[in-house]
Number of protein chains: 2
Amino acid sequence: MANNKTKKCILDAAEKLFARQGFYATSLRMLTREAGVNLAAVNYHFGSKEELIKAVIERRILPLNKIRLERLLNIKDNAGADDCSPDVREILFAFFEPTFEFRKSGKGAQDFISLIGRAFSDPRDTVRKLFLNMVESVFQLLFELLCDALPSLPKNIVYLRLNFMLGAMAHSMNMSQMCQLIPDGLNLKVDSSTLVEQFIMFTATGLEAPYE
Amino acid sequence: MANNKTKKCILDAAEKLFARQGFYATSLRMLTREAGVNLAAVNYHFGSKEELIKAVIERRILPLNKIRLERLLNIKDNAGADDCSPDVREILFAFFEPTFEFRKSGKGAQDFISLIGRAFSDPRDTVRKLFLNMVESVFQLLFELLCDALPSLPKNIVYLRLNFMLGAMAHSMNMSQMCQLIPDGLNLKVDSSTLVEQFIMFTATGLEAPYE
DNA sequence: ACAAAATTAAAACAGATGTTTAAATCGTAC
DNA sequence: GTACGATTTAAACATCTGTTTTAATTTTGT
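Computed from a predicted model, the values in this text were never measured in an experiment.

**Q** Help me understand the overall build of chain A, please; the structure alone is not making it clear to me.
**A** The helix and strand inventory of chain A stands at nine helices and zero strands. Mapped from its N terminus to its C terminus, chain A presents α and β elements in the order α-α-α-α-α-α-α-α-α. Projected onto its principal axes, the C-alpha coordinates of chain A cover approximately 60 × 50 × 30 Å. The proportion of buried residues among the 212 residues of chain A is 53%. Sequence-distant contacts in chain A: of pairs separated by 6 or more residues, those separated by 24 or more amount to 71%. Here chain A displays about 9,500 Å² of accessible surface, and carbon together with sulfur accounts for 51% of that area. For chain A, the centre of its 26 positive side-chain charges and the centre of its 25 negative side-chain charges are spaced 11 Å apart.

As structure tokens, then:
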């Protein structure tokens, strides 16, 4: 168990290639070449490609989830103590800021975030469920808090809007390829902090929109 | 050229399977079995799998784009004549309503719409560009109109928010699998018209959010 | 230093993939 | 009815996939 270098190389290469090409389009041969390890190493260390996918996601999402959960629980407790509804923007910031913060921490992190967007909208149940199971608890708490913060909205409407928000998020995580849409002469780039600000501004305002 | 039955069977089957399993996960053998035609028929009629993907998307998106373009141009002309800014909600309604309306027209249409969501966030450049090229003109006009409707916002901010919106849209199109997120006892289903209303309410309010 | 366990390496495996081929069948115009 | 082009069929093709196997090598505990 001493030498984890191979495992790390595989995870790093997988993170990169899965994010940029997708799970399906990345073969174990590309992956192991990129990682500089033998083809059989993946099956030896992880068992199968599917379990590698799981490991790639798990490595990063568990610590991230821990932070998000702490921050959301903190909001919940404060609201409970003061006996008032939590604030939507506060909730969103607690939920998104760790993600965007982590994203800035390096190239690998950036790849991982776009990989999450991939997993969230993967065609195959196996991959999607794999991811959803890991984030279920956080999402559930997020949903609860948003319901508390928006007491005038029916829960199914909150749920619907929550999904709009998550879709926007999944898409925003692949920002690199976003700017292919409008081939304008304008400089449409935005820096990372503007992205978070604008994202929260957009979604918070949308969530708070009046019902009918 | 007389018998287009085979072509139609292939297109229908492809639409269904591509939407439900993704492009990659659908093999030509599954596809031709579902369509009830010979394996070689795809290559005979369409040349390759990639060209089949293109044909599947094109069949539906061209008429849909025509409607959207007409309605958007109509708004543009009216605004030009009255010499006033167009209305955000009006623009969004013109853009989204045809899609959701078409979605209601049958099972195949429903599959197609979720297929569009797939194409929009496909990992591979080839597939994504294929789709983006077809919608480029409509998106460009949409962007222009939104800039006119939101004169107080910098264009790159409008562009950013437009992308949030498109992400939300792509995700909402696979609504069928959305409700796996919160396994609550609550009935969180919403009907189709509520979906459009809420989507426009959410995104319009988000787009109109103040800048900083 | 030696034996046992863990890891790496190269090769082969079984199966699936998109595509092509070559013959058979069909539809249609003369 | 026959000949000809379009279509369908079944089989083969080459290539790629994830996984296993078996042997070599390295690392570890004593």
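Having seen the model, we can carry on.
**Q** Sorry, what's going on with the packing of helix α9 (residues 192-207) of chain A against helix α9 (residues 192-207) of chain B here?
**A** A pair of packed helices is characterised by two quantities: the angle between their axes and the separation of those axes. It is the contact of α9(A) with α9(B), at a shortest axis distance of 7 Å, that shows an interaxial angle of 135°. Regarding the angle of α9(A) to α9(B), the classification is oblique. When you trace α9(A) past α9(B), the crossing you get is right-handed. Contact with α9(A), carried on its side by A:Phe202, A:Thr203, A:Thr205, A:Gly206 and A:Leu207, involves B:Phe202, B:Thr203, B:Thr205, B:Gly206 and B:Leu207 of α9(B) and no other residues of that element. Tallied by class, the residues present in the contact of α9(A) with α9(B) amount to four nonpolar, six polar and no charged.

**Q** Honestly, the protein's contact with DNA strand C in this entry has me stumped. Any pointers?
**A** The environment of DNA strand C is formed by 17 residues, the closest being A:Thr6, A:His45, B:Leu28, B:Arg29 and B:Lys49. Each atom of DNA strand C within 4 Å of the protein belongs either to a base or to sugar and phosphate, the latter forming 53%. Residue B:Leu28 places a main-chain N or O atom 2.8 Å away from a phosphate oxygen belonging to DNA strand C. One of the side-chain N or O atoms of B:Lys49 is found 2.8 Å from a phosphate oxygen in DNA strand C. When contributions to the surface near DNA strand C are tallied by element, the ones reaching two or more residues are α3 (41-46) of chain A together with α2 (28-35) of chain B. When grouped by side-chain class, the residues that make up the surface near DNA strand C number six nonpolar, eight polar and three charged.

**Q** Please clarify how the pattern of salt bridges should be interpreted in this entry.
**A** Close approach of charged atoms lets side chains of opposite charge pair. Residue and element names in this part refer to chain A. Tallied over the full model, the rule gives 28 salt bridges over all chains. Note that Asp111 is salt-bridged to Arg20, the shortest N-O span being 3.1 Å. Of this pair, Asp111 sits in helix α6 (residues 107-120) while Arg20 sits in helix α1 (residues 5-21), placing them 91 residues apart in sequence. Using a relative accessible area of 10% as the deciding quantity, one classes Asp111 as buried.

**Q** Can you help me understand the nonpolar core in this one?
**A** A general feature of soluble globular proteins is that nonpolar side chains tend to end up buried together. In terms of nonpolar packing, the biggest core is built from 147 residues, with A:Leu52, A:Ile57, B:Leu52 and B:Ile57 touching the most fellow members. When neighbours within four sequence positions are excluded, B:Ile57 is seen to be in contact with B:Phe112, B:Leu115, B:Ile116, B:Ala119, B:Leu130, B:Phe131 and B:Met134.

**Q** Any chance you could explain empty space enclosed by the protein here in plain terms?
**A** Any empty space left between the atoms is revealed when a probe the size of a water molecule rolls over them. Throughout the structure, instances matching the rule amount to four cavities of 30 Å³ or more. Within this model, the second largest cavity holds a volume of roughly 280 Å³. What lines the second largest cavity is a set of 20 residues, among which A:Asp122, A:Pro123, B:Tyr24, B:Asp122 and B:Pro123 lie closest to the centre.

**Q** In this structure, what is going on with unusual backbone geometry? I would like to understand it.
**A** For residues besides glycine, phi is generally negative; the peptide bonds are generally trans as well. Positive phi is not limited to glycine here, since A:Asp83 has a value of about 55°. Residue position: A:Asp83 is located in the loop between α4 (49-82) and α5 (88-103).

The rules behind each value
- Residues numbered from 1 in each chain as written.
- Chains lettered and ligands numbered in written order.
- Predicted model: local features only at pLDDT ≥ 70, side-chain atom pairs only at ≥ 80, totals over all residues.
- Heavy atoms only, no water.
- Helix = DSSP H or I, 4+ residues; strand = E, 2+ residues; numbered from the N terminus.
- Buried < 20%, exposed > 50% of the residue type's maximum accessible area, 1.4 Å probe, protein only.
- Contact = heavy atoms within 4.5 Å.
- Areas by Shrake-Rupley, 256 points an atom, 1.4 Å probe, with all protein chains shown as cover.
- Lys, Arg positive; Asp, Glu negative; His and termini not counted.
- Charge placed at Lys NZ, Arg CZ, Asp CG, Glu CD.
- Axes fitted to C-alpha atoms, helices over the stretch in contact; angles between N-to-C directions.
- Parallel < 35°, antiparallel > 145°, perpendicular 65-115°, else oblique.
- Left-handed = near helix turned anticlockwise from the far one by under 90°.
- Nonpolar A, V, L, I, M, F, W, Y, C, P; charged D, E, K, R; others polar.
- Near = heavy atom within 4 Å.
- Polar contact = N/O pair within 3.5 Å; in protein donor to acceptor, adjacent residues only side chain to side chain.
- Salt bridge = Lys/Arg side-chain N within 4 Å of Asp/Glu carboxyl O.
- Core = buried A, V, L, I, M, F, W, Y, C linked by side-chain atoms within 4.5 Å.
- 1 Å grid on protein atoms, 1.4 Å probe; cavity = no way out; pocket = protein on both sides within 12 Å on 5 of 7 lines; lining within 4 Å.
- Points joined across faces, edges and corners; volume = space filled by probe spheres on them.

Limitation: the analysis is restricted to geometry and does not speak to function.
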